[in-house]
Amino acid sequence: MRYGHFDDAAREYVITTPHTPYPWINYLGSEQFFSLLSHQAGGYSFYRDAKMRRLTRYRYNNIPTDEGGRYFYINDGGDVWTPSWMPVKAELDHFEARHGMGYSTITGERGGLKVESLFFVPLGENAEVQKVTLTNTSAAAKSFTLFSFVEFCLWNAQDDQTNYQRNLSIGEVEVEMDGPSGSAIYHKTEYRERRDHYAVYGVNTQATGFDTDRDTFVGAYNGLGDAAVPLAGKSAGSVASGWYPIGSHSLDITLAPGESTSYTFVLGYIENPQDEKWAPADEAAGIGALQVVNKTRAHELLARFATNEQTDAAFEALKAHWTQLLSGYSVSSTDEKLDRMVNVWNQYQCMVTFNMSRSASYFETGIGRGMGFRDSNQDLLGFVHLIPERARERILDIAATQFPDGSAYHQYQPLTKRGNNDIGSGFNDDPLWLIAGVAAYIKESGDFSILDEQVPFDNDESLAESLFEHLTRSFRYTIDNKGPHGLPLIGRADWNDCLNLNCFSNEPGESFQTTENQAGGVAESVFIAAQFVLYGAEYAELAERRGLTDVAAEARAAVEEMRAAVLSHGWDGDWFLRAYDFYGNKIGTDEKPEGKIWIEPQGFAVMAGIGVEGTDPTTPEAKASPAIKALDSVNEMLATDHGMVLQHPAYTSYQIELGEVSTYPPGYKENGGIFCHNNPWVIIGETVVGRGAQAFDYYKRITPAYREDISDVHKLEPYVYAQMIAGKEAVRHGEAKNSWLTGTAAWNFVAVSQYLLGVRPGYDGLVVDPQIGPEVPEYTVTRRARGATYVITVTNSGADGARATLEVDGAPIDGNVVPYAPAGATVKVRATL
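A quick note: this is a predicted structure, and the numbers were derived from the prediction, not measured.

### What about the overall build of the protein chain?
So, step 1. Helix and strand content of the protein chain: 19 helices and 42 strands.
So, step 2. Here the C-alpha radius of gyration of the protein chain, 28 Å, is about what a compact globule of 833 residues would show, namely 28 Å.
So, step 3. With the C-alpha coordinates of the protein chain rotated into their principal frame, the extents come out at 85 × 55 × 55 Å.
So, step 4. When burial is assessed residue by residue, the protein chain has 64% of its 833 residues classed as buried.

And the structure:
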């Protein structure tokens, strides 16, 4: 069942009913100001940090779901409704929500009045702009009142929800009914003391009335769906003092039949220097002893959206920005689902994960997590081709949180760029992801100078070393922390945060991931070993290109030693082991009744080239190779119609030596769930061994556009990836959870763009090596790289084991690397397989 459809020409997903199985959201903003917006106008806004600079309030685990956002109420002759359906939930004659690239429109019509609300964050602005267009579709004149509504958060979202004894007494606002560009409400809680920032909510006309006190607007014992002021049809003029500050304007409007009018509302974040916090004394005349906020910067912001023409121009600039961004990689094929995911939605989601990491979604409150050391490096892989210069900045931010021994804080806060002590360190895969991120950036940009940048350790400038030295410490950390089998120690966990082999927790509420009750230096990770083989080779290559031939040779020797250790001690006979536990026992072995096979090492080991010798699928010897045997075992034991589960069989009881992974019900999250993040590793692995048809089949099972027809099962947005889909042992197999902020976005874009479609950057040129199977017999990829444009046409037999032969500008070349051309050039490549 579908609840909407893709509008590919407009790059929008169109939702045609408010009654989706779950709120379907969009992200506004891609610089410093961000908003989460559902198709029912739910969500919230923040500046840079969803915990420390939240502008509006949102309540997770609310009943009803998704109540709380930015709302427009209509009182049309006593008929009160909201064009977003929520929160009033009055039946609409027409409803449509369109989620686009950094903007959304929500249109509701009732009783001959159509209200279209456009929401977006303009480029270069720290504000959410809301353009409301009202049209009288009836045959008679209409007079009605429009009420806006936002509820202000008291900045620190965690404190806002917990410190009531203080917070119910500190709320402060100012109201400006006749400002230079219309009416505005200023939220200045704590501005009189240590804060240098406030929020403004303005409209580009003289409002009829206002309210700033939530209890007055809503009414005692009411909810937002039966708010007192809209029902009364007139603002109360309330001024918040303590309690709950809000922003609400009312506009009395009359429209002739067929007439339309538009207004622009602006929710903005303003910072003032300490010596410019307050208005000059003459501006405060008549206010008494109260300090008056310096509104100069707010007035400048509101003036930039004082007319419809200004708002429309800013919106067009945003759309043009996304057109330019998305032109860096595109495909044209006969498969519309493939094209829309590659060209639009997958890249768009990669941008969102780059901005948000895992911090703020409808499944993450934005309070408990910042940017992830591991997560943000992986997100770079799907984002770096869009804006390499921002990837460069992010790499340096991440590296600055690393410790001198090469380990790292697991997370850091985006506002301070400092490590998050509450999460700490000890996740032993973290250091190697820095090598992955840097290598991807250099391949994309050719900017080897980043390796010479001086970067502090633990944000201590006195400890600054070159970025290459940071990579060396990352590489050495794994070598210096190996266990009895020569495999890397797992620490608190590796990529799977829930595999906590040193925790041994019996205390309710004790953190599995920050507690080590029994750290014995024995628990090892086969996954990190495979990761070391893959990214250790990248480190060696970077060393070689810096002229450090001895360092490169030593690194390659360490990589080969680890490869041998995996084949000797990480192989179970038909698949790769997952780990060794605290006692030195195998995890992920056929010897155990549960958790026999885990997906992570199967995919990553093959990606790293471990056991791939003799994998040509056209030869009978291939089936005996470890890589083929491991991938065949994945297909036999882990694959389902909805994707590949993380391990099988799932654990049915708590295994104290394994930690959190065994606390989930079978089929959910890390316990036998389809953890979509690691499915692309198997997809890539299948292309490595030349089985493109199998790879593409796996790709379609988890890719949202291919799941749109089962939206009633999938539940979440059919335009972005979810972190998890319930596995085959779950009660609701196929139901997705935790959409948007997941490494699935970056890794799936890597899988489809670089391995299935087969166009990926190398150090010296584009590698063209398609492996997608016979379902896509011909396609064209247009790819920008280092200022040149490459138009790559692929004629594809789809035969297992077939590899492409290349012609560049009409001339055949040996191998699969197309040398980089000068900036401005257009290169035509024909690949045939």
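### Quick word on the sheet that holds strand β27 (residues 586-587)
So, step 1. Spatially, three strands are ordered β25-β26-β27 in an open sheet, and the strand pairing comes out antiparallel. Looking at the sheet topology across the chains shown, the edges are occupied by β25 (524-525) and β27.
So, step 2. Pairing geometry for β25 and strand β26 (residues 579-580), over two bridges, is antiparallel. For Glu 524, the partnering residue across the bridge sits in β26 and is Tyr 580.

### Re the sheet that holds strand β36 (residues 765-768)
So, step 1. Sheet architecture is open: three strands sit in the order β35-β36-β41, paired in antiparallel fashion. Sheet topology places β35 (759-761) and β41 (817-819) at the edges, where each strand pairs with a single neighbour. Across the sheet, the axes of successive neighbouring strands diverge by a mean angle of 30°, strand direction being ignored.
So, step 2. Across three bridges, the pairing between β35 and β36 is antiparallel. Along β36, the bridge assignment pairs Pro 761 with Leu 766.

### A few points about the pairing of strand β13 (residues 142-155)
So, step 1. Extensive coverage of β13 is indicated by the burial of 13 of its 14 residues.
So, step 2. Pairing of strand β6 (residues 54-56) with β13, which is carried by two bridges, proceeds in the antiparallel orientation. Within the sheet, the bridge partner assigned to Arg 54 lies in β13 and is Trp 155.
So, step 3. Summarising the sheet, strand β7 (residues 71-76) and β13 pair through five bridges and their orientation is antiparallel. Bridging from a neighbouring strand, Phe 72 pairs with Ser 148 of β13.
So, step 4. Summarising the sheet, β13 and strand β18 (residues 245-255) pair through eight bridges and their orientation is antiparallel.

### Remarks on the nonpolar core
So, step 1. Core analysis: the largest hydrophobic core is formed by 251 residues, its most contacted members being Leu 134, Phe 604, Tyr 699, Trp 747, Leu 757 and Tyr 790.
So, step 2. Here this core gets 13 residues from one element, more than from any other, and that element is helix α12 (residues 526-545).
So, step 3. In contact with Leu 757, not counting residues within four places along its chain, are Tyr 329, Val 331, Leu 338, Val 342, Val 752, Pro 770, Ile 772, Tyr 779 and Val 781.

### Section: the packing of aromatic side chains
So, step 1. Following the criterion strictly, the structure yields 57 aromatic pairs and no others.
So, step 2. Consider the rings of Phe 34 and Phe 46, whose centres lie 5.7 Å apart with planes at 35°: the pair is tilted. Taken together, the residues Phe 34 in strand β4 (residues 33-38) and Phe 46 in strand β5 (residues 43-47) connect sequence positions 12 residues apart.
So, step 3. Judged by relative accessible area, which is 1%, Phe 46 ranks as buried.
So, step 4. Taken together, a centroid distance of 5.6 Å and an interplanar angle of 75° make the contact between Tyr 329 and Phe 749 edge-to-face. Taken together, the residues Tyr 329 in strand β20 (residues 329-332) and Phe 749 in helix α19 (residues 744-756) connect sequence positions 420 residues apart. Assigned by exposure class, Tyr 329 and Phe 749 land together as buried.
So, step 5. Feature note: the residues Tyr 3, Phe 6, Tyr 13, Trp 24, Tyr 27, Trp 322, Trp 345, Tyr 348, Tyr 719 and Trp 740 constitute an aromatic cluster, connected by ring pairs.
So, step 6. The ring of Tyr 186 is capped by Lys 295, whose NZ or CZ atom sits 5.0 Å from the centre of that ring.
So, step 7. The positively charged end of Arg 546 is found above the aromatic ring belonging to Phe 468, 4.8 Å away from the centroid.

### As for the pattern of salt bridges
So, step 1. Taken as a whole and judged by the stated rule, the model has 60 salt bridges.
So, step 2. In this structure, Arg 57 engages Glu 151 in a salt bridge whose closest nitrogen and oxygen atoms are separated by 2.7 Å. Of the two residues, Arg 57 sits in the loop between β6 and β7 while Glu 151 sits in strand β13, which places them 94 residues apart along the sequence. In terms of burial, Arg 57 and Glu 151 fall into one category: buried.
So, step 3. A salt bridge links Glu 336 to Arg 340; its shortest N-O distance comes to 3.7 Å. Taken together, the residues span about one helical turn, with Glu 336 and Arg 340 both in helix α7 (residues 336-356) at a distance of four residues.
So, step 4. Judged by its relative accessible area of 8%, Arg 340 is buried.

### Focus: helix α5 (residues 296-303)
So, step 1. Those residues of α5 lying buried are Ala 298, Leu 301 and Leu 302. Along α5, the residues classed as buried sweep out an arc of 95° about the axis, all on the same side.
So, step 2. Turning to α5, the residues buried within the fold contact β12 (127-136), β15 (182-187), β16 (197-203) and β19 (260-271).

### Focus: the pairing of strand β33 (residues 722-725)
On any regular strand, side chains alternate: one points to one face of the sheet, the next to the other face.
So, step 1. Relative to β33, strand β32 (residues 674-675) is paired through two bridges, and the arrangement is antiparallel. Within the sheet, the bridge partner assigned to Ile 674 lies in β33 and is Ile 725.
So, step 2. In this sheet, strand β34 (residues 736-739) lies alongside β33 in antiparallel orientation, the contact comprising three bridges. When the bridges of β34 are listed, Ile 725 appears paired with Ala 736.

### Observations concerning the packing of helix α17 (residues 692-702) against α19
Helix packing for two helices is described by the angle between their axes and how far apart those axes are.
So, step 1. For the pair α17 and α19, interaxial distance at closest approach is 12 Å and the crossing angle is 150°. It follows that α17 is roughly antiparallel to α19 by the angle criterion. Crossing of α17 against α19: the hand is left-handed. Residue-level contacts link Gly 692, Ala 695, Phe 696, Tyr 699 and Ile 702 of α17 to Asn 748, Val 752 and Leu 756 of α19.
So, step 2. Classifying every residue of the contact of α17 with α19 by side-chain character gives six nonpolar, two polar and no charged.

### Notes on the side chain of Arg 195
So, step 1. Structurally, Arg 195 is set in the loop between β15 and β16.
So, step 2. You can call Arg 195 buried: its relative accessible area is 12%.
So, step 3. Only 2.9 Å separates the side chain of Arg 195 from the side chain of His 197, close enough to count as a polar contact.
So, step 4. Once residues lying within four places of it in the same chain are set aside, the contact partners of Arg 195 are Met 52, Arg 53, Leu 154, Trp 155, Asn 156, Thr 189, Glu 190 and Lys 277.

Conventions we followed
- Residues numbered from 1 in each chain as written.
- Predicted model: local features only at pLDDT ≥ 70, side-chain atom pairs only at ≥ 80, totals over all residues.
- Heavy atoms only, no water.
- Helix = DSSP H or I, 4+ residues; strand = E, 2+ residues; numbered from the N terminus.
- Rg over C-alpha atoms; globule rule 2.2 N^0.38 Å.
- Buried < 20%, exposed > 50% of the residue type's maximum accessible area, 1.4 Å probe, protein only.
- Pairing = 2+ DSSP bridges.
- Axes fitted to C-alpha atoms, helices over the stretch in contact; angles between N-to-C directions.
- Core = buried A, V, L, I, M, F, W, Y, C linked by side-chain atoms within 4.5 Å.
- Contact = heavy atoms within 4.5 Å.
- Phe/Tyr/Trp six-rings, centres within 6.5 Å; stacked < 30°, edge-to-face > 60°.
- Lys NZ or Arg CZ within 6 Å of the ring centre and 35° of its normal.
- Salt bridge = Lys/Arg side-chain N within 4 Å of Asp/Glu carboxyl O.
- Arc of directions from axis to C-beta.
- Parallel < 35°, antiparallel > 145°, perpendicular 65-115°, else oblique.
- Left-handed = near helix turned anticlockwise from the far one by under 90°.
- Nonpolar A, V, L, I, M, F, W, Y, C, P; charged D, E, K, R; others polar.
- Polar contact = N/O pair within 3.5 Å; in protein donor to acceptor, adjacent residues only side chain to side chain.

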